[in-house]
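So the chains spell out like this:
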Amino acid sequence: MKRVFLSGLLLCGLASAGLAQSTYKSAIGGRLSTGYYEAISGSYKTFVSNQGALEFNLGFRPKSSGDVDWVTVAFSAAYQHHFDIKPVPGLRWFVGGGLTMYNSFSNYENYRGFGLGIFPTGGIDYKFADIPLNLTADIRPTIAVADPYDDNYNGYESFNGGNFGVSVRYTFR
């Protein structure tokens, strides 16, 4: 009986260790995005509970159109609630929301100034079991609360639905 108990305990320990390898506490890396306020950014993600995480991004986006040049510097923060996708260890989907603050610098007055937006977010998150690497793909359709481009000069309507992103991060336990 003692051997059966110890064998069961050992099996549970090994199974737990296998599951623990597909989770992480924090991660740091980069994010590429199609958003109008950031194209490339540094990314930091940390779990505040078993399923809840905070993600922070600091990035920029240069743009040029004719004789108008500008660059936007942005900071984003989001809360994400994760759900396991059972057949694949380390794969989770998430939903949440956040906000972004950005400032545009330009040689043209209509593209200069402060912006603030809110966004829902959703995506998938994968942590490799054998290496400290995390991949995330997400969507952040952003509604601008304040925007330097909000003069409808180029048909801008304070909504950007095509804000997709991919993050690659080094994970920490």
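Higher on the page you've got the structure.
Described in the following lines is the structure provided in the data block. All values derive from a computational prediction rather than experimental measurement. (Residues numbered from 1 in each chain as written. Predicted model: local features only at pLDDT ≥ 70, side-chain atom pairs only at ≥ 80, totals over all residues. Heavy atoms only, no water.)

**Observations concerning the packing of aromatic side chains**
Here a ring pair, both rings aromatic, is described through the centre-centre distance and the interplanar angle of the planes.
1) Next: Tallied over the full model, the rule gives six aromatic pairs.
2) Next: Residues Tyr 126 and Phe 128 carry aromatic rings whose centres are separated by 4.8 Å and whose planes lie at 80 degrees to one another, so their mutual orientation is edge-to-face.
3) Next: Exposure remark for Tyr 126: the relative accessible area of 24% places this residue in the partly exposed category.
4) Next: Phe 128 gets classed as partly exposed once you look at its relative accessible area, which sits at 26%.
5) Next: The cationic tip of Lys 45 hangs over the ring face of Phe 94; the distance from NZ or CZ to the ring centre is 5.0 Å. (Phe/Tyr/Trp six-rings, centres within 6.5 Å; stacked < 30°, edge-to-face > 60°. Buried < 20%, exposed > 50% of the residue type's maximum accessible area, 1.4 Å probe, protein only. Lys NZ or Arg CZ within 6 Å of the ring centre and 35° of its normal.)

**Notes on the side chain of Thr 72**
1) Next: Following the sequence through the fold, Thr 72 ends up in strand β4 (residues 68-84).
2) Next: Separated by 2.9 Å, the side chains of Thr 72 and Ser 104 make a polar contact.
3) Next: Beyond its immediate chain neighbours, meaning those up to four positions away, Thr 72 contacts Tyr 36, Tyr 37, Gly 59, Phe 60, Arg 61, Tyr 102, Asn 103, Ser 104 and Tyr 149. (Helix = DSSP H or I, 4+ residues; strand = E, 2+ residues; numbered from the N terminus. Polar contact = N/O pair within 3.5 Å; in protein donor to acceptor, adjacent residues only side chain to side chain. Contact = heavy atoms within 4.5 Å.)

**As for the pattern of salt bridges**
1) Next: Using the criterion set out here, one finds seven salt bridges in the structure.
2) Next: Of the charged contacts in the structure, one is a salt bridge between Glu 38 and Arg 31, with a shortest N-O distance of 3.3 Å. The same class applies to Glu 38 as to Arg 31, namely buried.
3) Next: When salt bridges that share partners are traced, they join Arg 31, Glu 38, Glu 55, Asp 138, Arg 140 and Arg 169 into one network. (Salt bridge = Lys/Arg side-chain N within 4 Å of Asp/Glu carboxyl O.)

By themselves, these are just geometric observations and shouldn't be taken as functional.
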